[in-house]
Amino acid sequence: MEKVIKLNGKKYEVPKGVGTVRQLLDHLDLSDRIAVIEKNQSIVPKGAYEEPVNDKDQIEIIHFVGGG
Amino acid sequence: MPIGKNGQERLGKSAVFILGAGALGSSGAEMLVRAGVGKVTIVDRDYVEWSNLHRQQLYTEQDVAERLPKAICAERRLTAINSDVRICGIVTDVTAENIQSLIAGHDVLLDATDNMETRLLANDAACKMGLPFFMGACVGSYGLTFPFGVQTQQPCLHCLLETLPAQTMTCDTAGIISPAVVTTAARQAAGVLKYLATGEMEPKLESADMWTGERSSIDVSGLKKSDCPSCSEHASYPFLTLGSSIRPAVLCGRDTVQLSWPRNKRLELPLFVQSVRKVVSNLVHNPYLVACEYHGHRIVLFHDGRMLVHGTKSITTAEKIASELVG
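Quick caveat, the model's predicted, so the values are computed rather than measured.

(A) The interface of chain B and chain A, seen in detail. Opposite the 38 residues of chain B that make contact, chain A presents 21 residues. For the chain B and chain A pair, buried surface summed over both sides reaches about 2300 Å², with 61% attributable to carbon and sulfur atoms. At the surface where chain B touches chain A, the tally comes to zero salt bridges. On inspection of chain B and its partner chain A, the count reaches 12 residue pairs in polar contact (both at pLDDT 80 or more). Of all the secondary-structure elements, those providing two or more residues to the side of chain B that touches chain A are α2 (23-35), α6 (116-129), β5 (133-139), β6 (142-148), α7 (157-161), α8 (167-170), β7 (204-209) and β8 (215-219) of chain B.

(B) Summary view of the layout of surface pockets. Each pocket or cavity is described by its volume, and for the second largest pocket that value is around 380 Å³. Around the second largest pocket, the lining comprises 20 residues; the ones closest to its centre are N8, L30 and H63 of chain A together with D209 and E214 of chain B. Sorting the residues of the lining of the second largest pocket by element identifies β2 (10-14) and β5 (58-63) of chain A together with β7 of chain B as the ones contributing at least two each. Per-class residue counts for the lining of the second largest pocket are nine nonpolar, four polar and seven charged.

(C) Inspection of the sheet that holds β2 of chain A at higher detail. Residue and element names in this part refer to chain A. Strand order in this open sheet of five strands is β2-β1-β5-β3-β4, and the pairing throughout is mixed. Two strands lie at the open edges of the sheet, namely β2 and β4 (42-43), each paired on one side alone. Both strand β1 (residues 3-7) and β2 contribute to a ladder of five bridges, which runs antiparallel. Bridging across to β2, I5 finds its partner in Y12.

(D) Up close: the pairing of strand β2 (residues 39-44) of chain B. All names here are of chain B. With five of six residues buried, β2 lies mostly within the body of the structure. Two elements, strand β1 (residues 15-19) and β2, share five bridges in a ladder whose sense is parallel. Looking at the pairing, V16 lines up with V40 of β2. Handedness of the β1-α2-β2 crossover: right-handed. Relative to strand β3 (residues 86-91), β2 runs parallel, the two sharing six bridges. Across the sheet, the residue bridging to I42 is G89, located in β3.

Quick notes on the rules
- Residues numbered from 1 in each chain as written.
- Chains lettered and ligands numbered in written order.
- Predicted model: local features only at pLDDT ≥ 70, side-chain atom pairs only at ≥ 80, totals over all residues.
- Heavy atoms only, no water.
- Contact = heavy atoms within 4.5 Å.
- Buried area = accessible area lost by both parts, 1.4 Å probe.
- Salt bridge = Lys/Arg side-chain N within 4 Å of Asp/Glu carboxyl O.
- Polar contact = N/O pair within 3.5 Å; in protein donor to acceptor, adjacent residues only side chain to side chain.
- Helix = DSSP H or I, 4+ residues; strand = E, 2+ residues; numbered from the N terminus.
- 1 Å grid on protein atoms, 1.4 Å probe; cavity = no way out; pocket = protein on both sides within 12 Å on 5 of 7 lines; lining within 4 Å.
- Points joined across faces, edges and corners; volume = space filled by probe spheres on them.
- Nonpolar A, V, L, I, M, F, W, Y, C, P; charged D, E, K, R; others polar.
- Pairing = 2+ DSSP bridges.
- Buried < 20%, exposed > 50% of the residue type's maximum accessible area, 1.4 Å probe, protein only.
- Right-handed = clockwise from strand over helix to strand, strands pointing away.

In structure tokens, the structure reads:
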């Protein structure tokens, strides 16, 4: 079944093959970035990126950049 | 009224330290100066270039032509905007050696640096000196902000990073659009004004992407690390003890090497102009720096004893050029 989540406030159709937080980061090209991730109002600790991404999840990802 | 008469009076008595006079620094400084803070100190190590003008709102084509340092142009422009505000522009590289004396006497630190090393140095100094810190960073169409430092149970920037930044993160070479700068700076400035007027701060990590419309806000208060080397009870402030300002440095994403001379060996700019006049081209000099071309490299010598050698990432090449010019 196709999963639809809310990612950073916008509707997002989760691509096939993306089942965990880590796979979502990989897909978004953010896996080598330092990021703070929240799933359904709880922070996902760095060691828990194998947590599943489920239909209707609300996920927030804020990654750090250097510029200014 | 969010600020009110009392808040405005408090603003007028406050001093803001702005670390960097690039894109975020230009934009944030203009908002705070127009709002009527009492004093703004703005520090930057660089000079104005053509490629800055689409987003660094305090500068003009004339500033580029004169090769003026950003801190000097910023002070002039900000003073012209609001002469009631005491503005102090300082041309220097902010380092572990000088940061504490630079930020002393200010009420807040506005982060407008363009690299994570300096940001973490500022984080250490702000934590040590108990100065509220308004972090901001942006690239492309994206920016993020994070204020902290009012409540000790909240995390600092170092707590959030956990692992130290990879090289890829400190060297953003992608372009940036001005709206990303302005929204990031606006969030920082709103946080500064609210804190100065009311003493309140919401320590939220927030981001916005002006191209995709994504925005995010995360309550990070649970991420305080009890053993953080920068903000815990037994902090060692690692970035305040690292490195030396006279060490050569490759400036990330700039194809530029910065060399520095110790205080006792600095060159007088007029003497430098005399000695290189015959071997360089496109010589431009002002009271703050000398810029010229030498063997295809653009060279800039600042009065604080730093030399930028553009067009190379090799410290050896830069040092060879410096020794040919300076002897």
